[in-house]
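Observations on the model geometry
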Amino acid sequence: MIDLSVQIGSLQLANPLIAASGCFGYGVEYAGTVDLSSLGGVAVKGLFLAEREGHPPERIVETPAGMLNAIGLQGIGVHRFVREKLPELRDLRATVIVNICGSTLDEYVELARILSDADGVAALELNISCPNIKEGGITFGCSLHGTFDVVSSVKKVTHLPVIPKLTPNVTDVAAFARASEEAGADAVSLVNTFLAMAIDVETRRPQLSNIVGGLSGPAIRPIAVRMVYECRRAVKIPVIGMGGIASARDAIEFMIAGATAVQVGTANFVDPFIWPKLLDGIREYLRRHEIARVADLVGTIDTTSREKQWISS
Amino acid sequence: MPVDVEARVIRNTRLSSDYNVIALAAPEIAAATAPGQFVMVKPGRGHDPLLRRPFSVFEVLRANGRVEGLTLLSKRVGVTTAMLFDAVEGDIVSCLGPLGRAFALVDPPEEAWMVAGGVGLAPFAIMTDALAARGTRTTLFYGARTGGELFYLDWFRARGVRLVLATEDGSVGERGRVTEPLERELRSARQAARVAGGLQASGNDLTVDACGPGPMLEAVARIAAARGARSQVSVVRVMGCGLGGCYSCVIPVRDGRGGRHYVRSCIGGPVFDGAELVWD
């Protein structure tokens, strides 16, 4: 019997697979294609206090092995989420990770208060990394002090595990993982999307209405794996890895690099039935490598010098 | 609930140097599809193309009383449509569906007028079969750039559909936009109804259903509204997932309070009441 459970702070997940925020609506949209209770967690679309319209179309464009998005965090706001979506998610027995975004420090704190009082929230993911909105969010995520302040302020008002979601659009992402840990974060998740752009050369127009957007998908996976590896070595708290995972092999790669759990986003767009395939693939791998607990796979990267191996053989 | 089928290509018929009709063995999807619903399609397993693309279901294929699959009308414009154009019998195309909100079908004595622009013909073959089964009288207003891009005309004629054709170059049918004969016929139908005194001004004797380029849909919605007819339009947006997850395919819709808000066309549409859309 293989044990797929993993521990994120005080929260135990049934398995390491989490639906990534911004790629899974509010979860309920996918109730017809996946049993939400079979997922380790569901990170719902980023919420502000108020409803938001988001950017005008075009909001996405496909790029080689990836996609750019500039949705602009269209959303129903936290109050409607608690009223309209959370009861359904509870009924579906989903482990709900709510992704929250603020224009100000106070907004993060208020969101955390509201969601800590709501029934059915398992953890808070702090969106300090959305590349597509001007105000707040990433301004915290691109400053070590800002990151520290948001995490520590939210920690003061909630009993829920707090997981800042880090941006890769910084020079040294591990420093942000350390700032998060010092501020009391229970885990960090990374990476959010890479700031990018695409131009229609015939019209010379940007392909997104927002001009720039966030790159996701298999194209970013090797960079994301490297960043997860760096963060794992920098902090003791769990690292939740993501960025272009499209197969069980990719999820396993992140876990070997140091991810305790992984999030899957873009691949769910391509195949909304991917989840049991990923779980089966992870199980098969663990069986083949005679690993009883998936948690034992985390951070097992072997960096023994290849040169040494060559000499000793 | 949608299903994902690794569908075998039954046949692929090229209609021109750009257009093709591809038949896919996805009977479970075909049997559940209502007119106006769509599938998300991905030919090949690699990362180019990465995302699926949306296609309205064109026809439901039946043989010996059994549903054997569906067809898609495609115009070659990008990577996916090029692969669909080049596909051969036996190839596998991943097909997810049926998805989205269908056209509401009218019953006799109400008439259905269908308006198609170019590849916007896509929802109207399956629609014609569904309306014929109800005995609803149908007219297809069908426009394209040139006569060589008007397809399936005999197919529609054989099913008793009255055809009104228009081409931009005047090679077949009326020269100009298809919305011009639509406006003229709607006006004269209204005058005839007034003379006869038989039909109400409420417009529930006629529904105009449209699919095509945005400006055409806007014109259809405006013309129908001006003549008191209901319109339903199937919009085409860039879609990432088709299931409401990505929020990329939004379209502005009136919110009933004088404002507007973005609705995901994959689950709120792709068929909308023409009067509820905000045209930019």
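Cut-offs applied
- Residues numbered from 1 in each chain as written.
- Chains lettered and ligands numbered in written order.
- Predicted model: local features only at pLDDT ≥ 70, side-chain atom pairs only at ≥ 80, totals over all residues.
- Heavy atoms only, no water.
- Helix = DSSP H or I, 4+ residues; strand = E, 2+ residues; numbered from the N terminus.
- Rg over C-alpha atoms; globule rule 2.2 N^0.38 Å.
- Contact = heavy atoms within 4.5 Å.
- Lys, Arg positive; Asp, Glu negative; His and termini not counted.
- Charge placed at Lys NZ, Arg CZ, Asp CG, Glu CD.
- Buried < 20%, exposed > 50% of the residue type's maximum accessible area, 1.4 Å probe, protein only.
- 1 Å grid on protein atoms, 1.4 Å probe; cavity = no way out; pocket = protein on both sides within 12 Å on 5 of 7 lines; lining within 4 Å.
- Points joined across faces, edges and corners; volume = space filled by probe spheres on them.
- Nonpolar A, V, L, I, M, F, W, Y, C, P; charged D, E, K, R; others polar.
- Salt bridge = Lys/Arg side-chain N within 4 Å of Asp/Glu carboxyl O.
- Buried area = accessible area lost by both parts, 1.4 Å probe.
- Polar contact = N/O pair within 3.5 Å; in protein donor to acceptor, adjacent residues only side chain to side chain.
- Pairing = 2+ DSSP bridges.
- Axes fitted to C-alpha atoms, helices over the stretch in contact; angles between N-to-C directions.
- Domains from an automatic or database assignment.
- Core = buried A, V, L, I, M, F, W, Y, C linked by side-chain atoms within 4.5 Å.
- Phe/Tyr/Trp six-rings, centres within 6.5 Å; stacked < 30°, edge-to-face > 60°.
- Lys NZ or Arg CZ within 6 Å of the ring centre and 35° of its normal.

**Quick look at the overall build of chain A**
A count of helices and strands for chain A gives 10 helices and 16 strands. Relative to its length of 313 residues, chain A is compact, with a C-alpha radius of gyration of 19 Å against a globular reference of 20 Å. Overall size of chain A, expressed as C-alpha extent along the three principal axes, is 60 × 50 × 40 Å. Taking as baseline every contact in chain A between residues at least 6 positions apart, the subset at least 24 positions apart corresponds to 71%. One finds the centroid of the 29 positive side-chain charges in chain A at a distance of 2 Å from the centroid of its 34 negative side-chain charges.

**With respect to helix α7 (residues 248–257) of chain A**
All names here are of chain A. Counting buried positions along α7 gives seven out of 10 residues, so the element sits mostly inside the fold. Buried residues along α7 sit against α6 (221–234), β15 (239–242), β16 (259–264) and α9 (274–288). Of the residues flanking the end of α7, it is Gly-258, one or two places downstream, whose phi is positive at about 135°.

**Considerations on empty space enclosed by the protein**
All names here are of chain A. By the definition in use, this model includes one cavity of 30 Å³ or more. The calculated volume of the largest cavity comes to roughly 490 Å³. If you go around the largest cavity, you meet 35 residues; those closest to its centre are Ser-21, Cys-23, Asn-69, Asn-192 and Thr-193. For the lining of the largest cavity, the leading source of residues is helix α8 (residues 266–270), giving three residues. Within the lining of the largest cavity, the residues separate by chemical class into 16 nonpolar, 17 polar and two charged.

**Structural notes on the pattern of salt bridges**
Enumeration according to the criterion identifies 31 salt bridges over all chains in this entry. Notably, a salt bridge pairs A:Glu110 with A:Arg113, separated by 3.8 Å at the nearest N-O pair. Highlighted residues: A:Glu110 and A:Arg113, both in helix α2 (residues 105–117), separated by three residues, approximately one helical turn. A:Arg113 gets classed as partly exposed once you look at its relative accessible area, which sits at 43%. We note a salt bridge from B:Arg190 to B:Asp205, for which the minimum N-O separation is 3.1 Å. Placement of the pair is B:Arg190 in helix α5 (residues 179–196) and B:Asp205 in the loop between α5 and β12 (206–211), with a sequence separation of 15 residues. A relative accessible area of 15% places B:Asp205 in the buried class. Here the residues in one salt-bridge network are A:Arg221, A:Arg249, A:Asp250 and A:Glu253, joined through shared partners.

**Some thoughts on the interface of chain B and chain A**
Contacts between chain B and chain A engage 28 residues on the former and 32 residues on the latter. Between chain B and chain A, roughly 2,500 Å² of surface is buried when both sides are summed, and carbon and sulfur atoms account for 63% of that area. Looking at the side of chain B facing chain A, the largest losses of area belong to B:Leu50, B:Tyr247 and B:Tyr262, adding up to 29% of the total buried there. Our count for the chain B to chain A interface comes out at two salt bridges. In this structure, the salt-bridge partner of A:Glu62 is B:Arg53, at a minimum N-O distance of 2.9 Å. Scanning the region where chain B abuts chain A turns up nine residue pairs in polar contact (both at pLDDT 80 or more). Among the secondary structure elements, those contributing two or more residues to the side of chain B that touches chain A are β1 (3–14) and β15 (260–264) of chain B.

**Regarding the sheet that holds strand β10 (residues 162–167) of chain B**
All names here are of chain B. Sheet architecture is open: seven strands sit in the order β11-β10-β9-β8-β12-β13-β16, paired in mixed fashion. What marks the edges here is a single partner per strand, and that holds for β11 (174–175) and β16 (271–273). Of the strand pairs in this sheet, strand β8 (residues 111–117) and strand β9 (residues 138–144) are connected by six bridges, and their pairing is parallel. Note that in β9 the partner of Trp-113 across the bridge is Thr-139. Across the sheet, helix α3 (residues 124–134) lies against β8, β9 and β12, angled at about 170° from β8, the strand it touches most.

**Some thoughts on the domain arrangement of chain B**
Note: interface size is frequently given as the accessible area lost on complex formation between the parts. All names here are of chain B. Splitting chain B by domain gives domain 1 (3–99) and domain 2 (111–236). On a C-alpha basis, the centres of domain 1 and domain 2 stand 25 Å from each other. Taken together, the 16 residues of domain 1 in the interface contact 15 residues of domain 2. A buried area of about 1,400 Å², summed over both sides, lies between domain 1 and domain 2, and 70% of it is on carbon and sulfur atoms. Considering only the surface of domain 1 that becomes buried against domain 2, Tyr-19, Pro-35 and Phe-58 emerge as the three largest contributors, covering 40% of it. Across the contact surface, domain 1 and domain 2 share zero salt bridges. If you look at where domain 1 meets domain 2, you find four residue pairs in polar contact (both at pLDDT 80 or more). Its residues placed into classes, the side of domain 1 that touches domain 2 shows nine nonpolar, five polar and two charged.

**Some remarks on the nonpolar core**
The biggest cluster of nonpolar side chains holds 123 residues, and the ones touching the most others in it are A:Phe81, A:Val98, A:Leu190 and A:Trp275. Top element by residues in this core is α9(A). It accounts for seven residues. If we ignore the near neighbours within four places in the chain, the residues touching A:Val98 are A:Val44, A:Leu47, A:Phe81, A:Leu115, A:Val121, A:Ala123, A:Leu124 and A:Glu125. If you look at the next biggest cluster of nonpolar residues, it comprises 28 residues, including B:Leu121, B:Tyr142, B:Trp155 and B:Val161.

**Overview of the environment of B:Trp155**
All names here are of chain B. With respect to the element layout, Trp-155 can be found in helix α4 (residues 153–158). In this structure Trp-155 comes out as buried when scored by relative accessible area, which is 15%. A C-alpha to C-alpha distance of 17 Å links Trp-155 and Ala-112, two positions 43 residues apart in sequence. Filtering out sequence-adjacent residues up to four positions away, Trp-155 remains in contact with Glu-59, Ala-125, Thr-128 and Asp-129. At 3.5 Å, the side chain of Trp-155 and the side chain of Glu-59 are in polar contact.

**Some words on the packing of aromatic side chains**
For any pair of aromatic rings, the description rests on two quantities: the centre-to-centre distance and the angle between the ring planes. Residues and elements named next belong to chain B. All chains considered together, the criterion is met by 11 aromatic pairs over all chains. Ring plane angle 45° and centroid distance 6.1 Å describe the contact between Tyr-152 and Trp-155, whose orientation is recorded as tilted. Grouped by ring-pair contacts, the aromatic residues Phe-58, Tyr-152, Trp-155 and Phe-156 constitute a single cluster. We note Arg-76 situated over the ring of Phe-85; from NZ or CZ to the ring centre the distance is 4.4 Å. Positioned above the aromatic ring of Trp-155, the side-chain terminus of Arg-159 is 3.7 Å from the ring centre.

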